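Coordinate inspection notes
Each chain is listed here by its residues.
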Amino acid sequence: MEQSFENLVPYAKSIGAVDAKLMKARDIVLDSRSLLKCRFGCGRWGKYWTCQPNIGISIDEFTETLQKYQTALVLKCVEPKIAQEITLAVEKEAMMQHGAIFAFGMALCVQCEDCAFPDPCRFPHLARPSMDGLGIDIAKTVEPLGFKVEFDAQGNLLPAWYTMVLLD
Ligand code: SF4
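Thresholds, definitions, all that
Residues numbered from 1 in each chain as written. Predicted model: local features only at pLDDT ≥ 70, side-chain atom pairs only at ≥ 80, totals over all residues. Helix = DSSP H or I, 4+ residues; strand = E, 2+ residues; numbered from the N terminus. Rg over C-alpha atoms; globule rule 2.2 N^0.38 Å. Buried ≥ 20, exposed ≤ 12 C-beta atoms within 10 Å, placed from the backbone. Contact = placed C-beta atoms within 7 Å. Pairing = 2+ DSSP bridges. Axes fitted to C-alpha atoms, helices over the stretch in contact; angles between N-to-C directions. Core = buried A, V, L, I, M, F, W, Y, C linked by C-beta atoms within 7 Å. Near = placed C-beta within 6 Å. Nonpolar A, V, L, I, M, F, W, Y, C, P; charged D, E, K, R; others polar. Expected span 1.5 Å × (residues − 1).

1. Things to note about the overall build of the protein
- The helix and strand tally for the protein stands at 5 helices and 4 strands.
- Here the C-alpha atoms of the protein give a radius of gyration of 15 Å, agreeing with the 15 Å that 2.2 N^0.38 yields for 168 residues.
- Reported as C-alpha extents along the three principal axes, the dimensions of the protein are approximately 45 × 40 × 30 Å.
- Counting every position in the protein, which comprises 168 residues, the buried fraction comes to 33%.
- Within the protein, contacts between residues at least 6 apart in sequence are counted, and of these 74% link residues at least 24 apart.

Structural data, given as structure tokens:
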């Protein structure tokens, strides 16, 4: 099944992703403790439509839904706005070119400086939930794919934003 989505890897890189790797959806690591980190310590809790508890999909519901997917694409980008744009572009490409009608991107929504919540979302066609808000342990999911913490020649930490598109 992965074979048919392989062209999404060079496509993602061609539009600005630092890296992109296909994975089996069953290897996505879920950990409900991610919700604790959302609830305590993150200023976005309750303030964004795309963050808990406003997503409207519980971790249990997402866990059940995830069983339907077989393949996912992990994207690595240098900053969140680019990451959101590339994630949406890959989601669209998967739908248009591969007929993956349930392709679904997950990326921190940074479309607006301040979310419109509780008023209606300004750009619902661009807004997607964050991975950790749905219970995904991002580090444990991407590390087996070879994604590592990287530094430049001066020893500065290179920024990395990870997003995902569930494909089929
Ligand atoms: S697009 Fe804007 S209003 Fe909609 S969820 Fe994202 S930040 Fe909030």
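Anyway, onward from the coordinates.
2. A closer look at the sheet that holds strand S4 (residues 161-166)
- With antiparallel pairing, the 4 strands of this open sheet are ordered in space as S1-S2-S4-S3. Looking at which strands have only one partner, the edges of the open sheet turn out to be strand S1 (19-24) and strand S3 (104-106). The average undirected angle you get between the axes of adjacent strands in this sheet is 20°.
- Here 6 bridges tie strand S2 (residues 71-77) to S4, and the two strands are oriented antiparallel to one another. Counted as the bridge partner of Cys77 is Trp161 from S4.

3. Considerations on the nonpolar core
- Ranked by internal contacts, the top residues of the largest apolar core, which has 37 residues, are Leu73, Leu75, Met164, Val165 and Leu167.
- When contributions to this core are tallied by element, the ones reaching two or more residues are helix H1 (8-14), S2, helix H4 (80-98), helix H5 (138-142) and S4.
- When residues no more than four places from it in sequence are discounted, the contact partners of Leu73 are Phe5, Leu8, Ala12, Ala20, Leu22, Val90, Met164, Val165 and Leu167.

4. A word on the site of the ligand
- Among the 13 residues in the neighbourhood of the ligand, the closest are listed as Cys109, Gln111, Cys112, Cys115 and Cys121.
- Taken together, the residues of the shell around the ligand sort by class into 10 nonpolar, 2 polar and 1 charged.

5. A closer look at H4
- Along its 19 residues, H4 runs 26 Å from first to last C-alpha, staying within 8% of the 27 Å computed at 1.5 Å per residue.
- Turning to H4, its buried residues are Ala83, Gln84, Ile86, Thr87, Val90, Glu91, Glu93 and Ala94.
- Of the surrounding secondary structure, the elements contacted by the buried residues of H4 are H1, S2, S3 and S4.
- Downstream of H4 by one or two residues, Gly99 has phi in the positive range, about 65°.

6. Quick word on unusual backbone geometry
- Along the chain, Gln52 connects to Pro53 via a cis peptide bond; the corresponding omega equals 5°.
- Following the sequence through the fold, Pro53 ends up in the loop between helix H2 (34-39) and helix H3 (59-66).
- Omega for the peptide link from Phe117 to Pro118 comes to 10°, which places this bond in the cis form.
- Mapped onto the elements of the fold, Pro118 is located in the loop between S3 and H5.

7. Some words on the pairing of S2
- The buried fraction of S2 is high, at 7 of 7 residues.
- A two-sided burial pattern is seen for S2, the buried positions comprising Thr71, Leu73, Leu75 and Cys77 on one face and Ala72, Val74 and Lys76 on the other.
- Sheet analysis places S1 next to S2, joined by 6 bridges and oriented antiparallel. From the neighbouring strand, Met23 faces S2, where its bridge partner is Ala72.

8. Details of the environment of Pro53
- According to the C-beta neighbour criterion, Pro53 is exposed, with 12 such atoms within 10 Å.
- For the pair Pro53 and Cys38, spaced 15 residues apart in the sequence, the C-alpha separation amounts to 9.2 Å.

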